[in-house]
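Chain residues, written in single-letter form:
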Amino acid sequence: MLSFTMERVLIIGAAGQLGSELTQALVTIYGGDNVIATDIQPQALEKFDYCRTKVLDVMDKEAVKGLVKTENVKQIYHLAAVLSATGEKNPLFAWQLNMDSLLSVLELAREEKLDKIYWPSSIAVFGPNTPKVNTPQYCVKEPNTVYGISKQAGERWCEYYFQKYGVDVRSLRYPGLIGYKSLPGGGTTDYAVDIYHKAIAGEHFVSFLKEDTYLPMMYMPDAIKATLNLMHAPRENVKIRSSYNLAAISFSPKEIFESIKIHYPDFSISYAPDFRQAIADSWPDSIDDSRAREDWGWEHEYSLEKMTEDILKHLPSYSF
Ligand code: SER
């Protein structure tokens with residue numbers, strides 16, 4: 001660990017759901033002077049008063065390159081992306097943003113000989129012809145969302161840059177991420193964050209997925225732990241250079257509702273599936289992540305019940 005402590009770390013898309021919490025964790029490791037949180041939205045950076053910040057458009061290749069060179073950046077966490085539901089509204093833009101930005105970061109890593117790149121993939125790489133239960137690391141993948149197609153293609157590019165150029169790029173196929181410190185934006189799994197906000201506001205919740213739709217999910221502290229474990233694993237332990245399957249829990253809207261109702265007995269739910277139902281139906285119910293467990297010791301901590309307890313304890317007094 002010690003050898004990483006002085007490295008400059010650049011986070012692209014830091015103000016998003018994952019970045020908001022990952023930035024905090026990276027600052028505790030590398031220090032606020034060595035972490036540069038960037039985002040396209042200036043106001044969104046205001047919350048990062050504990051590290052360096054910069055407004056950055058990932059599509060502006062020269063700006064990204066200039067920052068990397070002048071600040072002697074050694075690691076990039078490239079988190080900016082258009083997610084599954086938003087992607088369907090503007091597919092060509094989603095493709096362009098997700099792919100062009102990854103390729104320019106990989107190319108920069110090759111040219112500037114950066115130490116490490118992190119890029120998130122997703123359960124969205126799987127599709128309707130993928131085995132749904134305990135989805136294996138290697139299986140048929142025929143994603144039918146533009147987000148999933150971009151993540152699948154991105155995985156191929158990551159492996160390509162590792163094999164051809166030795167770029168140390170690491171990646172996880174995140175399940176739906178659930179946290180109380182940040183809000184998701186435009187994903188199919190967002191309902192599992194919104195539901196807690198409605199419960200503590202004393203409001204009725206309308207689920208955009210059917211009651212029995214199972215999806216792989218994960219509490220944010222587990223996702224942060226997995227990301228840091230992967231990024232700090234010895235290079236030779238990271239044997240998969242496309243992206244690792246990663247799992248924790250799996251539940252339906254009815255089950256998460258019931259876990260909340262134990263604490264908020266008056267809480268109510270109804271179901272009004274929309275276009276996101278078809279996206280959820282094309283994704284796995286649960287994931288086999290044994291390769292992550294074998295290669296770099298992944299273990300999750302939070303069950304559905306433990307996550308619900310923790311969120312309901314902290315969310316009411318949390319300010320955004
Ligand atoms: N949470 C993401 C989404 O729903 C999946 O990676 O789009």
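Since this is a predicted model, take the numbers as computed values, not measurements.

Trainee: So what's going on with helix H1 (residues 17-30)? Residues and values would help.
Mentor: The terminal C-alpha atoms of H1, which comprises 14 residues, lie 21 Å apart, in line with the 20 Å expected from a rise of 1.5 Å per residue. Looking at the residues trailing H1, positive phi occurs at Gly31, about 90 degrees.

Trainee: Hey, could you go over the state of the cysteines for me, with residue numbers and the actual values?
Mentor: Counted under the stated rule, the structure contains zero disulfides. With no disulfide of its own, Cys139 has Cys158 as its nearest cysteine by sulfur position, at a separation of 18 Å.

Trainee: Talk me through the site of the ligand; I want residue IDs and the actual numbers.
Mentor: Around the ligand, the surrounding shell consists of Leu83, Ser84, Ser122, Tyr147, Gly187, Thr188, Thr189 and Trp283. Tyr147 places a side-chain nitrogen or oxygen 3.1 Å from an oxygen atom of the ligand.

Trainee: Kindly report on the packing of H1 against helix H7 (residues 220-232), identifying the contributing residues and their values.
Mentor: Relative orientation of the contacting elements H1 and H7 amounts to 50 degrees, with a least axis distance of 10 Å. When the interaxial angle is binned, H1 and H7 end up oblique. The crossing of H1 and H7 is right-handed. Residues Gln17, Leu18, Glu21, Leu22, Ala25, Leu26, Ile29 and Tyr30 of H1 pack against Met220, Ile224, Thr227, Leu228 and His232 of H7.

Trainee: Run through the sheet that holds strand E2 (residues 35-39), naming residues and quoting values.
Mentor: Spatial ordering of the open sheet is given by E3-E2-E1-E4-E5-E7, a layout of six strands whose pairing is parallel. Of all the strands in the sheet, the pair left with one neighbour each is strand E3 (52-55) and strand E7 (169-170). In terms of strand pairing, E2 meets E3 through four bridges, oriented parallel. Each residue of the ladder has a partner; that of Thr38, found in E3, is Lys54. Docked against the sheet, helix H4 (residues 91-111) engages strand E1 (8-12), strand E4 (73-78), strand E5 (116-118) and E7, running at close to 160 degrees with respect to E4.

Trainee: Talk me through the side chain of Arg170; I want residue IDs and the actual numbers.
Mentor: Within the fold, Arg170 resides in strand E7. Looking at Arg170, the relative accessible area reads 2%, which means it is buried. Engagement of the side chain of Arg170 in a polar contact is seen with the side chain of Asp168, the distance being 2.9 Å. When near neighbours in sequence (up to four residues on either side) are disregarded, Arg170 contacts Lys116, Ile117, Tyr118, Trp119, Leu230, Met231, His232, Ala233, Pro234, Arg235, Val238 and Arg241.

Definitions and cut-offs
Residues numbered from 1 in each chain as written. Predicted model: local features only at pLDDT ≥ 70, side-chain atom pairs only at ≥ 80, totals over all residues. Heavy atoms only, no water. Helix = DSSP H or I, 4+ residues; strand = E, 2+ residues; numbered from the N terminus. Expected span 1.5 Å × (residues − 1). Disulfide = S-S within 2.5 Å. Near = heavy atom within 4 Å. Polar contact = N/O pair within 3.5 Å; in protein donor to acceptor, adjacent residues only side chain to side chain. Axes fitted to C-alpha atoms, helices over the stretch in contact; angles between N-to-C directions. Parallel < 35°, antiparallel > 145°, perpendicular 65-115°, else oblique. Left-handed = near helix turned anticlockwise from the far one by under 90°. Contact = heavy atoms within 4.5 Å. Pairing = 2+ DSSP bridges. Buried < 20%, exposed > 50% of the residue type's maximum accessible area, 1.4 Å probe, protein only.

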